[in-house]
Amino acid sequence: MNVETSSTHAAEVAPPTAVGDVLRCTDLRRSFGAVQAVDAVSFRIHAGETYGLLGPNGAGKTTVISMVSGVLEADSGSVLVDGVEMHPGALTAKAAIGYVPQDVALYPDLTGRENLLFFASLYRIGRRRARSRVAEVLDIVGLTERASDRVETYSGGMKRRLNIAVGLIHRPRLLVLDEPTVGVDPQSRNAILGSVERLSTEGMGVLYTTHYMEEAERLCDRVAIMDLGRLIAEGRPRQLTARLGDSEHIRLTLEGDSTRAVAALRDLPRVTGATATDDAIDVLVPDAESALPQVIQVAAAQGTVRSVSVDEPDLETVFLRLTGKRLRD
Ligand SMILES: Nc1ncnc2c1ncn2[C@@H]1O[C@H](COP(=O)(O)OP(=O)(O)OP(=O)(O)O)[C@@H](O)[C@H]1O
Ligand SMILES: [Mg+2]
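Procedures and definitions
- Residues numbered from 1 in each chain as written.
- Chains lettered and ligands numbered in written order.
- Predicted model: local features only at pLDDT ≥ 70, side-chain atom pairs only at ≥ 80, totals over all residues.
- Heavy atoms only, no water.
- Helix = DSSP H or I, 4+ residues; strand = E, 2+ residues; numbered from the N terminus.
- Buried < 20%, exposed > 50% of the residue type's maximum accessible area, 1.4 Å probe, protein only.
- Contact = heavy atoms within 4.5 Å.
- Areas by Shrake-Rupley, 256 points an atom, 1.4 Å probe, with all protein chains shown as cover.
- Lys, Arg positive; Asp, Glu negative; His and termini not counted.
- Charge placed at Lys NZ, Arg CZ, Asp CG, Glu CD.
- Phe/Tyr/Trp six-rings, centres within 6.5 Å; stacked < 30°, edge-to-face > 60°.
- Pairing = 2+ DSSP bridges.
- Axes fitted to C-alpha atoms, helices over the stretch in contact; angles between N-to-C directions.
- Core = buried A, V, L, I, M, F, W, Y, C linked by side-chain atoms within 4.5 Å.
- Parallel < 35°, antiparallel > 145°, perpendicular 65-115°, else oblique.
- Left-handed = near helix turned anticlockwise from the far one by under 90°.
- Near = heavy atom within 4 Å.
- Polar contact = N/O pair within 3.5 Å; in protein donor to acceptor, adjacent residues only side chain to side chain.
- Nonpolar A, V, L, I, M, F, W, Y, C, P; charged D, E, K, R; others polar.
- Arc of directions from axis to C-beta.

Undergrad: Give me the overall build of the chain: which residues, what numbers.
TA: Each helix and strand in the chain was counted, giving 11 helices and 14 strands. Judged by the C-alpha coordinates and their principal axes, the chain covers about 75 × 40 × 40 Å. Counting the 329 residues in the chain, one finds 48% classified as buried. For the chain, the share of sequence-separated contacts (at least 6 apart) that also reach a separation of at least 24 residues comes to 68%. Accessible surface, the chain as shown: approximately 15700 Å² in total, 48% of it carbon and sulfur. Computed over 37 positive and 44 negative side-chain charges, the separation of the two mean positions in the chain equals 5 Å.

Here it is as structure tokens:
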């Protein structure tokens, strides 16, 4: 273990090799009126770990993140950030978090660099150190070349990246990102994913919510699947997909009665699950090759089968299996 205790900058720069949890949530609950938005949620994030919260709309992801970041009070349960209790008045715990909300909060008539210097001053970072820190975070999000342009000239994706840079300015131990790539162009999306990977290598903990399972598979050391306020599964992406055993995933598009087709498919002995989504029917089977003829025959009895594809199990399949819903509508 290599923990600095006496160097002059140890207080402001947390050593990346420090061990332990940067976040520990225990039995978090929060309701809004009759809606139990978050129900008995517990999880931990280690230093250097990227943790993904996956769930459909309304699952409770933003409510969890808001309590973790001290923006919203929990009804019960506790949040420890780097060992310090978080609540809406907890300045020390908040200083350890970089919270990047989905909405962009920047000054459009200032340049990117001026925005960052302003936020650095709010954290009372001295001028000289602020300059070098601003240069670092601009580099992390890939905006160095646009730093002298006014933010109103940025694309949506660049604003999102600058928002992340703001969240990093005070060197948090834990970065909290709420769906950072929604509505972002591919170039900015790549830049954001690359930044998260780099920060994680440097020892930062990251809490990441997304609807995009391919992002979770690329970035996250562990993921939790959330539905109706609860964490219903947690593990490394590969562990979760392995839990499905040898399940394979047949996707059919059917012109006809999907509801009856799904009911008939569920009755087949070689089928472990079937769900209708807007444009397709998803069928889980232990072995696609042997099940396929029967699956097609049963579906064709309810209409015209337009296409058939077979996929290896992935997080999307796990999600569908556990919740009966797709991650993305
Ligand atoms: N301020 C609020 N007042 C009332 N209900 C709320 C409030 N915030 C959230 N909710 C409800 O709590 C539940 C969880 O919402 P939350 O925003 O946490 O979901 P989410 O997983 O972030 O969804 P999305 O993927 O759409 O962002 C939903 O039923 C939502 O309507
Ligand atoms: Mg949300």
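Undergrad: Describe in detail the packing of aromatic side chains, supporting the description with residues and values.
TA: Across all of its chains, the model carries four aromatic pairs by this definition. Each ring, one from Phe43 and one from Tyr51, has its centre 4.9 Å from the other, and the planes form 15°; the classification is stacked. Each member of the pair Phe43 and Tyr51 is classed as buried. Centroid distance Tyr107 to Phe118: 5.3 Å. Interplanar angle 85°. Geometry classified as edge-to-face. Taken together, the residues Tyr107 in the loop between strand 6 (97-100) and helix 3 (112-122) and Phe118 in helix 3 connect sequence positions 11 residues apart. Residue classification places Tyr107 among the partly exposed positions, given a relative accessible area of 39%.

Undergrad: Pulling in residues and values, what's your account of the sheet that holds strand 12 (residues 273-276)?
TA: In spatial order, the strands read 12-13-11-14; together these four strands make up an open sheet with antiparallel pairing. The sheet is open, and its two borders are formed by strand 12 and strand 14 (303-311), each paired with just one other strand. Put simply, the sheet's adjacent strands are angled 20° from each other on average, direction ignored. Against the sheet, helix 11 (residues 315-323) engages strand 11 (248-256), strand 12 and strand 13 (281-285), with an angle of about 95° to strand 13.

Undergrad: Outline the nonpolar core, listing residues and values.
TA: One finds Leu116, Leu162, Leu168, Leu175 and Leu177 to be the most contacted residues of the largest nonpolar core, which totals 45 residues. If near-sequence neighbours (up to four positions away) are discounted, Leu175 is found in contact with Gly98, Val100, Gly167, Leu168, Leu199, Met204, Gly205, Val206 and Leu207. Counting 28 residues, the second largest nonpolar core, distinct from the first, contains Leu23, Tyr51, Leu53 and Val176.

Undergrad: Outline the packing of helix 5 (residues 156-168) against helix 6 (residues 186-201), supporting the account with residue identities and numerical values.
TA: One way to put it is that helix 5 packs onto helix 6 with a least axis distance of 9 Å and a crossing angle of 20°. On the basis of their axis angle, the class for helix 5 and helix 6 is roughly parallel. The crossing of helix 5 and helix 6 is right-handed. Touching Gly157, Met158, Arg160, Arg161, Ile164 and Leu168 of helix 5 are Ser188, Ala191, Ile192 and Leu199, all from helix 6.

Undergrad: Could you give me a rundown of the site of ligand 1, with the residues and numbers involved?
TA: Near ligand 1 lie 13 residues; those nearest to it are Gly58, Gly60, Lys61, Thr62 and Thr63. In the model, an oxygen atom of ligand 1 is placed 2.7 Å from a nitrogen or oxygen of the Lys61 side chain. At 3.4 Å from an oxygen atom of ligand 1 is found a side-chain nitrogen or oxygen belonging to Glu179. In the complex, 59% of the free accessible area of ligand 1, which totals 630 Å², lies under the protein chains. The set of elements that each furnish at least two residues to the shell around ligand 1 consists of strand 2 (35-46) and helix 1 (61-68). In terms of residues, the shell around ligand 1 owes the most to one element, helix 1, which gives three residues. Classifying every residue of the shell around ligand 1 gives five nonpolar, six polar and two charged.

Undergrad: Lay out unusual backbone geometry with the relevant residues and their values.
TA: Although it is not a glycine, Arg171 adopts a positive phi angle of roughly 55°. Relative to the elements of secondary structure, Arg171 occurs in the loop between helix 5 and strand 7 (174-178).

Undergrad: Provide a residue-level description of the sheet that holds strand 7, including the pertinent values.
TA: Read from one edge to the other, the open sheet built from six strands follows the order 6-7-8-3-9-10, with strand pairing classed as mixed. Unpaired on one side and paired on the other, strand 6 and strand 10 (230-235) mark the two borders of the sheet. Recorded for the sheet is a direction-independent mean angle of 15° between the axes of neighbouring strands. For strand 3 (residues 50-54) and strand 8 (residues 205-210), the ladder comprises five bridges, and the chain directions are parallel. Bridging from a neighbouring strand, Leu54 pairs with Thr210 of strand 8. On top of the sheet, helix 6 reaches strand 3, strand 7 and strand 8; it is set at about 150° to strand 8, its chief contact. Of the strands in this sheet, strand 3, strand 9 (222-227) and strand 10 touch helix 11, which is tilted by about 35° from strand 9.

Undergrad: Explain helix 9 (residues 258-266) residue by residue, including any values.
TA: Structural remark: α-helix, 3.6 residues per turn; residues separated by three or four positions point the same way. All buried positions along helix 9 are accounted for by Ala261, Val262 and Leu265. The buried residues of helix 9 occupy one face: seen down the axis, they fall within an arc of 100°. Pointing more than 90 degrees away from the buried face of helix 9 are the exposed residues Thr259 and Arg260. Residues of helix 9 that are buried in the fold lie against strand 11, strand 12, strand 13 and helix 10 (288-300). Sitting at the amino-terminal end of helix 9 is Asp257, which places a side-chain oxygen 3.2 Å from the backbone nitrogen of Thr259.

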